[in-house]
Amino acid sequence: MRSRLLALAVLGACAVVASHPLAADEPKGKDPKSKEKEKEKGKPNKLAKSSSPYLLQHAHNPVDWYPWGAEAFEKAKKEKKLIFLSIGYSACHWCHVMERESFSNAEIAKIMNANFVCIKVDREERPDVDDIYMTALNVSGEQGGWPLSMFLTPEGKPIFGATYFPPDDKKVGDDVIPGFKTILKKVVEFDKDRDDLVKQADRMAKATIEALEANSKLIALVPLRRVLVTDALDMFDIDPVHGGTGSKARMYRGTKFPRPPVWGFLLKQAQKPDSDDLKKRVALTLAKMLEGGIYDHLGGGFHRYSTERTWTVPHFEKMLYDNAQLVELYSEAYAADPRPEYKRVVAETLAFIKREMTSPDGAFYSAIDADSNEKEGEFYVWTGDEIKKVLGTDADLELIKTVYGVGVPNFEEKFHILRLPKALAEIAKEQKLTEEQLLAKLEPLKKKLFEYRAKRERPFLDTKVIAAWNGQMIAGYAKAGLVFKDKAYTAAAATAADFVLKQMRDKDGRLFRLHAAAPGEKARATGAAFLDDYSYMIHGLLNLHEATGDKKWLDAAKQLTDIVLKWHGDGDKGGFFFTASDSEKLFARAKDSYDGVQPSGNSQTARNLLRLGFALKDDGYRDRGIRTIKAYALGMQTTPTSMPAMLRALDDLLDAAGTPDEPKPKDKADPKKPKKSEDVVTAKLALEEVKGGRRAFTLTLKVAAPWHLYANPVGLESQVQSQTEVEVFVNGKKVAAKVEYPKGKELTDSTGAKYFVYEGEVQVRGAFVAENGAVEVRVSLSACKDGLCLPPSVMKVKE
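Model, not experiment: these values are computed from the prediction.

Undergrad: How would you sum up the state of the cysteines? Please name residues and give values.
TA: Counted by the stated rule, this structure contains one disulfide. Between Cys92 and Cys95 runs a disulfide, and the two sulfur atoms are separated by 2.4 Å. Here Cys92 and Cys95 share a disulfide; its torsion about the S-S bond, 80°, makes the bridge right-handed. With respect to burial, Cys92 and Cys95 carry one shared label: buried.

Undergrad: Talk me through the packing of aromatic side chains; I want residue IDs and the actual numbers.
TA: Any pair of aromatic rings gets described here by the distance separating the centres and the angle formed by the planes. By the definition in use, this model includes 31 aromatic pairs. The structure contains a cluster of three or more aromatic residues connected by ring pairs, namely Trp65, Phe84, Phe103, Phe116, Phe151, Phe160, Phe165 and Phe180. Its end group placed over the ring of Tyr89, Arg123 keeps NZ or CZ at 5.7 Å from the ring centre. Geometry around Phe577 places Lys591 over its ring, the cationic atom sitting 5.3 Å from the centre.

Undergrad: Describe in detail unusual backbone geometry, supporting the description with residues and values.
TA: Cis geometry marks the peptide bond from Ala705 to Pro706, where omega comes out at 5°. With respect to the helices and strands, the residue Pro706 is situated in the loop between strand 19 (694–703) and strand 20 (708–710). One non-glycine residue, Lys80, lies in the positive phi region at around 55°. Counting through the fold element by element, Lys80 comes out in the loop between helix 4 (70–79) and strand 2 (82–88). At Asn373, a residue that is not glycine, the phi angle is positive and equals roughly 50°. Inspection of the secondary structure puts Asn373 in the loop between strand 12 (371–372) and strand 13 (375–376).

Undergrad: Quick rundown of the environment of Ile563? Include the residues and the values.
TA: Within the element layout of this structure, Ile563 appears in helix 22 (residues 551–567). In this structure the C-alpha to C-alpha distance between Ile563 and Tyr534, which are 29 residues apart in sequence, comes to 8.6 Å. Residues in contact with Ile563, not counting those within four places in the same chain, are Asp508, Gly509, Arg510, Tyr534 and His568.

Undergrad: So what about the nonpolar core? Which residues, and what values?
TA: One finds Met112, Phe180, Leu266, Tyr330 and Ile629 to be the most contacted residues of the largest nonpolar core, which totals 172 residues. Ignoring anything within four residues of it in the chain, the contact list for Met112 reads Val63, Trp65, Phe84, Phe103, Cys118, Phe180 and Leu184. Formed by 27 residues, the second largest nonpolar core is a distinct cluster that contains Phe697, Phe756, Tyr758 and Val775.

Undergrad: So, the pattern of salt bridges: which residues are in play, and what are the values?
TA: For the coordinates displayed, the defined rule picks out 54 salt bridges. Between Arg513 and Asp533 there is a salt bridge whose closest N-O contact spans 3.0 Å. Within this pair, whereas Arg513 is found in strand 16 (residues 512–516), its partner Asp533 is found in helix 21 (residues 531–548), the two being separated by 20 residues in sequence. Each member of the pair Arg513 and Asp533 is classed as buried. In this structure, a network of salt bridges that share partners links the residues Arg226, Lys268, Lys272, Arg607, Asp651, Asp652 and Asp655.

Undergrad: An account of the packing of helix 13 (residues 320–336) against helix 14 (residues 340–356) is needed here, citing residue identities and associated values.
TA: Their axes nearest at 9 Å, the elements helix 13 and helix 14 cross at an angle of 150°. One way to sum up the angle between helix 13 and helix 14 is to call them roughly antiparallel. For the crossing formed where helix 13 meets helix 14, the hand is left-handed. Taken together, the residues of helix 14 that come into contact with helix 13 (itself represented by Leu320, Asn323, Val327, Tyr330, Ser331, Ala333 and Tyr334) are Tyr342, Lys343, Val345, Val346, Thr349, Leu350, Phe352 and Ile353. Looking at side-chain class alone, the contact of helix 13 with helix 14 contains 11 nonpolar, three polar and one charged residues.

Undergrad: Which residues make up the sheet that holds strand 3 (residues 116–122), and what are the values?
TA: Strands belonging to one sheet form pairs held by backbone hydrogen bonds; the direction of such a pair is parallel or antiparallel. With mixed pairing, the five strands of this open sheet are ordered in space as 1-3-2-4-5. Edge positions in the sheet fall to strand 1 (65–67) and strand 5 (158–162), since each has one partner strand and no second. Between one strand axis and the next, the sheet turns by 30° as a mean value, whatever way the strands run. Contacting strand 1, strand 2 and strand 3, helix 6 (residues 106–115) crosses the sheet at an angle of about 105° to strand 3. Across the sheet, helix 8 (residues 180–190) lies against strand 2, strand 3, strand 4 (148–152) and strand 5, angled at about 15° from strand 4, the strand it touches most.

Undergrad: Hey, could you go over the environment of Gln472 for me, with residue numbers and the actual values?
TA: You can see Gln472 is positioned in helix 19 (residues 467–484). On the accessibility criterion, Gln472 (4% relative accessible area) is buried. For the pair formed by Gln472 and Glu328, sequence separation is 144 residues and the distance between their alpha carbons is 8.7 Å. With near-sequence residues (within four places) excluded, Gln472 lies in contact with Tyr321, Ala324, Gln325, Tyr536, Gln598 and Pro599.

Undergrad: Give a detailed account of the pairing of strand 16, specifying residues and quantitative values.
TA: Across the five residues that make up strand 16, a large majority, four, are buried. Bridge count between strand 15 (residues 465–466) and strand 16: two bridges; the pairing is antiparallel. Across the sheet, residue Val465 finds its bridge partner in strand 16, namely His515. In this sheet, strand 17 (residues 524–528) lies alongside strand 16 in antiparallel orientation, the contact comprising four bridges. Looking at the pairing, His515 lines up with Ala525 of strand 17.

Criteria and thresholds
- Counting restarts for each chain, with residues numbered from 1 along the sequence as it is written.
- Restriction of local features to residues with pLDDT of at least 70 applies here, the model being predicted, together with a cutoff of 80 or more for giving and counting side-chain atom pairs; totals for whole chains, interfaces and linings are based on all residues.
- Side-chain numbers come from the whole structure's heavy atoms, not from hydrogens or water.
- We call a pair of cysteine sulfur atoms a disulfide whenever their separation is within 2.5 Å.
- Throughout, exposure labels follow a simple rule: accessible area from a 1.4 Å probe, protein chains only, divided by the maximum for the residue type, with under 20% read as buried, over 50% as exposed, and the rest as partly exposed.
- Think of it this way: a Phe, Tyr or Trp ring, Trp meaning its six-membered ring, pairs with another when their centres are within 6.5 Å, and the plane angle makes it stacked under 30 degrees, edge-to-face over 60, tilted otherwise.
- Here, over-ring charges are defined by two tests on the NZ atom of lysine or the CZ atom of arginine: distance to the ring centre within 6 Å, and angle to the ring normal within 35 degrees.
- Numbering of helices and strands starts at the N terminus; helices are DSSP runs of H or I of at least 4 residues and strands are runs of E of at least 2.
- A contact between two residues is defined here by any heavy atoms of the two lying within 4.5 Å.
- Within this scheme, the nonpolar core is defined by two criteria: the residues are buried Ala, Val, Leu, Ile, Met, Phe, Trp, Tyr or Cys, and they are joined through side-chain atoms within 4.5 Å.
- One speaks of a salt bridge when a side-chain nitrogen belonging to Lys or Arg is within 4 Å of a carboxyl oxygen belonging to Asp or Glu.
- For helices, the fitted line uses only the C-alpha atoms of the stretch in contact; every axis is such a line through C-alpha atoms, and the angle between N-to-C directions lies from 0 to 180 degrees.
- Oblique is the label for any angle not under 35 degrees, not over 145, and not in the 65 to 115 range, which are roughly parallel, roughly antiparallel and roughly perpendicular in turn.
- We call a crossing left-handed when the near helix sits turned anticlockwise from the far one by less than a right angle, and right-handed when that turn is clockwise.
- Just so you know the grouping, Ala, Val, Leu, Ile, Met, Phe, Trp, Tyr, Cys and Pro go in nonpolar, Asp, Glu, Lys and Arg go in charged, and all remaining residues, Gly too, go in polar.
- Pairing between two strands requires that DSSP report at least two bridges joining them.

Quick look at the structure:
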């Protein structure tokens, strides 16, 4: 039974379309789907009284949705039904797609209602729920994304899940991808053996808890030394052409997120002595992001991420937290290197925030959708004819086409996403203009395009106010006010801070997570705050104090910090729990440590404690900050790229303590120190004579001790991209080859997961169709030891 269930999970994962977060900008309009839905509205379900825009988008589905809460779980237990949990957010493109295709489908809804208790969760309202079940999905070996679709026991333990399902079975090549209807029916069939399902859920819950505790289960005796910071720098694989991080072994293909925590850390390190190369790579990344299509060149502000290597094609949603952090990042970059384009992108982004994402009370809205008229990015993209229609004259048209790279369509083969093909200063030079003169010529043309675009169907604006994200926007505004000496920026930060402190706290001074309105009601503060609400707000208040010198912001930061210490602190192991000790008890309680597109609550809290201790001259706060950093020292040593914000906190600590920078080893001083995986591997190729039109080969790899390579198969889904891969090329052209990999040595990681590695000498054998020409075998490999991994390499081996 267990194997059948896992097979079903894998089938579901095949149906997953990579989460397609998209978003649009500018206006404060209705949901673009509202007109159609007003005509087709069915009977409202239990989501109709919610203040969440995402839940309200499902309020008239024929599915009998429940919000997360005791009522749904009691019903499931009483009726002995499994739970179907669906998690998403208002600006999520594929959430909208599944809502239209499956949740609005009467036949599918009938199956769901008859056999499951169906719960819908807004991940922005309940990040704790999202984090736990996303972790459960990941430990099952599946890639995460939204919508998150998970089947649970009546007690809330995860059985299995996936992300997006198409409504019906879909043929892709020779395979048939099961649709949501099929999945539901199979789960109903499997539910006849409930005991086996419960055992599966118990195993998955245990694995989830272990994964959540992995980074803080043991406090390793890792000294807090500068070498933790300097060693981490080599682990960030930066695209040398387009900037951003990725995988050299994969030619940096795939999605690219801005990840401000990474670039904030690397920007600071780039200011250290002997860091010219890092400084160039950081500057390259900042330039390519602001030049790319991920940046809105007409309206200002950044889209969520790029779908490909060059930052050209984004997922179009605009999130407050991305723009908040990028404003702070580019302000810090300007302070270090006053380039006019940094100042310009901050000004344009804050103009967008003021125009489109600021409430009448001065608080900040959370997100703008990707879709208009149910089409991804429609609000932002252009046809050549549209641009010509708006601009008219040939000279104006040619200037816009030259500046923004309007030539061959770069989106869906017929649309143009505006982007700068090169730096604006270079374009100005080619036009025999100064940069200021070029900007002056562009301004009226951009205004015409902007005004034309504004008449299109506007993407949906999510007007809920989230304490955490407002804290980040306050921090961004305050940092910009300080760097650019702009009182308007500082005033905007102060207005928003006053709103949160006055409208989003209870009588005991504890924060609420949200400020939002249910249909027909006034907006009000709701929902218990989480660690990130406190940590980001405290960061904003500390930035505001730094920008203004006003003690009231420091006092407010102290008050919130004391609440964090009381309700979120782990007195035994250090660090802080995501939920308060008196919050709803889920089957696991997480202490987040991963610095993804936002810093983890623990990383941000560590930095806050150090800053607060310094500002108040209070060693108590400083010592709690040090203890937090120590709790995650092992993670910084073993997986530094997952903890850049914690590394920045450590660097802040060492700088404040006056710890000198340890000299970086020069190549001349230590020529044998490996810098990439190929440095610890020797490879030898032996080719056999042609037999029966095929040619066999043996590739011998010798791995220097104590290093190892990830075997093929590696046996662990999270490491598949790191496993050893061999390809054959003849005259530079890849040819089909059958490759036989040896079995690796079995190891077990700290979470109990088993995987396989190659140590010492191993031989990979294979054969390929014989062709005339030079034969070259290329082997992709990643070398690691004791939790430290070198950057991956592709070795090219000839006989």
